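Letter by letter, the chains look like this.
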Amino acid sequence: MIFGRKDKGDDTGATASEPGSVRDQILRAPKALLHDHLDGGLRPQTIVEIADEVGYDALPATDAESLGTWFRESADSGSLVRYLETFDHTLAVMQTADGLRRVAKECVLDLAADGVVYAESRYAPEQHLSAGLALEDVVEAVNDGFRQGEKEAADAGTPIRVTALLTAMRHAAKSTEIAELAVRYRDQGVAGFDIAGAEAGFPPTRHLDAFEYLRRQNAHFTIHAGEAFGLPSIWEAIQWCGADRLGHGVRIVDDILVNDRPFAADPAKALAADREDIYLGLLAAYVRDTRIPLEMCPSSNVQTGAAESVALHPITLLKRLRFRVTVNTDNRLMSGTSMSREMGLLVDEAGWTMEDLRWVTINAMKSAFIPFDERLAIIEGVVKPGYDALLQTPTA
Ligand SMILES: O=c1[nH]cnc2c1ncn2[C@@H]1O[C@H](CO)[C@@H](O)[C@H]1O
Ligand SMILES: [Zn+2]
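Small disclaimer: the values here were computed from a predicted structure and weren't measured. (Residues numbered from 1 in each chain as written. Chains lettered and ligands numbered in written order. Predicted model: local features only at pLDDT ≥ 70, side-chain atom pairs only at ≥ 80, totals over all residues. Heavy atoms only, no water.)

Visitor: What is the right way to look at the coordination of the zinc ion (ligand 2) in this model?
Guide: The textbook angles at a metal center are 109.5 degrees for a tetrahedron of four donors and 90 or 180 degrees for an octahedron of six. Taken together, the protein ligands of the zinc ion (ligand 2) are His 35 (NE2), His 37 (NE2), His 224 (NE2) and Asp 330 (OD), with distances of 2.1 to 2.2 Å. Bound by four donor atoms, the zinc ion (ligand 2) shows angles of 84 to 171° at the metal and therefore irregular coordination geometry. Here the donor residues of the zinc ion (ligand 2) are spaced in sequence according to H-x1-H-x186-H-x105-D. According to the relative accessible area criterion, His 37 is buried, its value standing at 9%. (Donors = N, O, S within 2.8 Å, 3.2 Å for Na, K, Ca; no water. Tetrahedral: all angles 85-135°; square planar, octahedral: opposite > 155°, others 65-115°. Buried < 20%, exposed > 50% of the residue type's maximum accessible area, 1.4 Å probe, protein only.)

Rendered as structure tokens:
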């Protein structure tokens, strides 16, 4: 086992490891993260402290360790809808400017300590208004926290760049307003837009006005699709809405036949199949041909039932078929995870190599929503040299 589950409520997943080991290499490797929810990555200790400050008394546990365990266990239900219910408690402590600033700053510090050099952190501004903040106040408080975190991380010798993605909730009716907010703040730390929340019953085309507006504005967006619902959701996200990337997109394997059977019929057999026995349907072929990035989140998918296990997760087939795969955390608190842990699990349980991790990191940087020259500068100036230095070190 390279990475166990975090057992401490407030650590970052970056625990000590033998120098030169694969675990150590993963921790030191420069990492890029495209899909991480700000309200799914709080430190349990911070939740306890802010809850106390703001008088929120409905936490299911009041010490950090039990609270961390509660989140992981409650999110393990096999259902996305129940998984999402756990966010009530994180959102409760993210209603003030101080709370938002602190959570955002700590997010940056935790990612930097885990070796993440570039991250897009998403949250839904509309969910942070219950104590009287305006949408703009929310964005500005989070941005302040991100800038402060970047400064402290750079001072600590772990530089990182973090941008925000503004999410609209798919069951609500605020998507156009949030899309406009994302465009208004595009030069002030907001790199794009997303929709999230329960997928079944809430197709992305409900928010077509928002996506059409964003396209007219030359703005970037991703859509959570193909997680709890299958191909129609992915097809709408791409062909009706024009998504630049797919959040999860794991169910694209429903459009890939292995020996005439879908991946889910026998994942182990599908992963071991010969290339000539694998057939891509029109939608899967389109996603691969047009290099649509897949923001894949292995542990989260196992918790919500979108995948059986990390070992049998479709990501390994999609990597082999050279889809534009990226590896992400989704919700570090609910999954008790980190980028290093997700990568360690793929190495440990699904046979991935350091070369594969380098490849998905470059994929992620190519797919980031910041300008092309800035992406290139991180790929050439940070990711490639970082991996070159690591891969010259023999593995213990
Ligand atoms: O995996 C997911 N699928 C769909 N929605 C999610 C997932 N993780 C988090 N959120 C939703 O996104 C909101 C803004 O960050 C969270 O409050 C949660 O409701
Ligand atoms: Zn997500």
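Visitor: Can you walk me through the site of ligand 1 in this structure?
Guide: Inspection of the region around ligand 1 gives 17 residues, with His 37, Asp 39, Gln 127, Glu 227 and Asp 330 positioned closest. Compared with its free state, where it exposes 420 Å², ligand 1 has 98% of that area covered by protein. Breaking the shell around ligand 1 down by element, the ones donating at least two residues are helix 4 (80-85) and strand 2 (116-123). (Near = heavy atom within 4 Å. Areas by Shrake-Rupley, 256 points an atom, 1.4 Å probe, with all protein chains shown as cover. Helix = DSSP H or I, 4+ residues; strand = E, 2+ residues; numbered from the N terminus.)

Visitor: Explain the packing of aromatic side chains to me, please; I cannot follow it from the model alone.
Guide: The geometry of two aromatic rings is summed up by the distance between their centres and the angle between their planes. The tally for this structure, following the rule as stated, stands at five aromatic pairs. Aromatic pair Tyr 83 and Phe 87: ring centres 6.2 Å apart, planes at 50°, arrangement tilted. Exposure remark for Tyr 83: the relative accessible area of 1% places this residue in the buried category. When its relative accessible area of 8% is taken as the criterion, Phe 87 is described as buried. Judged by centre distance (6.0 Å) and plane angle (70°), the rings of Phe 193 and Phe 211 are edge-to-face. With a gap of 18 residues between them, Phe 193 in strand 4 (residues 190-196) and Phe 211 in helix 9 (residues 208-216) connect regions that are remote in the sequence. Residue Phe 193 is classed as buried on the basis of its relative accessible area, which comes to 0%. Between Arg 245 and the ring centre of Phe 369, over which it is positioned, the NZ or CZ distance is 3.8 Å. Directly above the aromatic system of Trp 352 lies the positively charged group of Lys 319, at a separation of 5.1 Å from the ring centroid. (Phe/Tyr/Trp six-rings, centres within 6.5 Å; stacked < 30°, edge-to-face > 60°. Lys NZ or Arg CZ within 6 Å of the ring centre and 35° of its normal.)

Visitor: Just checking my understanding: could you explain the side chain of Ser 300 for this structure?
Guide: Its place among the elements puts Ser 300 in helix 13 (residues 298-304). A distance of 2.7 Å separates a polar atom in the side chain of Ser 300 from a polar atom in the side chain of Asp 330. Discounting residues that sit within four places of it in the chain, Ser 300 has contacts with Tyr 83, Glu 227, His 248, Asp 330 and Ser 335. (Polar contact = N/O pair within 3.5 Å; in protein donor to acceptor, adjacent residues only side chain to side chain. Contact = heavy atoms within 4.5 Å.)

Visitor: Would you mind going over the UniProt feature "domain: Adenosine deaminase" (unreviewed entry) in the chain with me for this structure?
Guide: Per the UniProt record, "domain: Adenosine deaminase" (unreviewed entry) is found at residues 30-384. Its end C-alpha atoms 9 Å apart, residues 30-384 is made of 48% helix and 15% strand. (UniProt positions renumbered as here; feature names shortened; annotations may be inferred.)

Visitor: Where do I start with the packing of helix 7 (residues 135-155) against helix 8 (residues 175-184) in this structure?
Guide: When two helices pack together, you describe them by how their axes are tilted relative to each other and by the distance separating the axes. Packing of helix 7 against helix 8 leaves a shortest axis separation of 11 Å and a crossing angle of 45°. Relative to helix 8, the element helix 7 lies oblique. Seen from above, helix 7 lies across helix 8 with right-handed handedness. Counted together, Leu 135, Glu 136 and Val 139 of helix 7 and Glu 177, Ile 178, Leu 181 and Arg 184 of helix 8 form the full contact between these two elements. Across the contact of helix 7 with helix 8, the residue classes tally to four nonpolar, no polar and three charged. (Axes fitted to C-alpha atoms, helices over the stretch in contact; angles between N-to-C directions. Parallel < 35°, antiparallel > 145°, perpendicular 65-115°, else oblique. Left-handed = near helix turned anticlockwise from the far one by under 90°. Nonpolar A, V, L, I, M, F, W, Y, C, P; charged D, E, K, R; others polar.)

Visitor: How should I be thinking about the sheet that holds strand 2 in this particular structure?
Guide: The strands that make up a sheet pair up through hydrogen bonds in the backbone, lying either parallel or antiparallel. Sheet architecture is open: four strands sit in the order 1-2-3-4, paired in parallel fashion. Of all strands in the sheet, those with a lone pairing partner are strand 1 (31-37) and strand 4, marking the two edges. Shown here is a sheet whose adjacent strand axes are inclined to one another by a mean of 25°, direction ignored. Sheet analysis places strand 3 (residues 161-169) next to strand 4, joined by six bridges and oriented parallel. By the bridge assignment for strand 4, Met 169 is matched with Ala 196. Here helix 6 (residues 97-113) sits on the sheet and contacts strand 1, strand 2 and strand 3; the angle it forms with strand 2, its principal contact strand, is near 145°. This element, helix 7, spans strand 2, strand 3 and strand 4 of the sheet and lies at about 155° to strand 3. (Pairing = 2+ DSSP bridges.)

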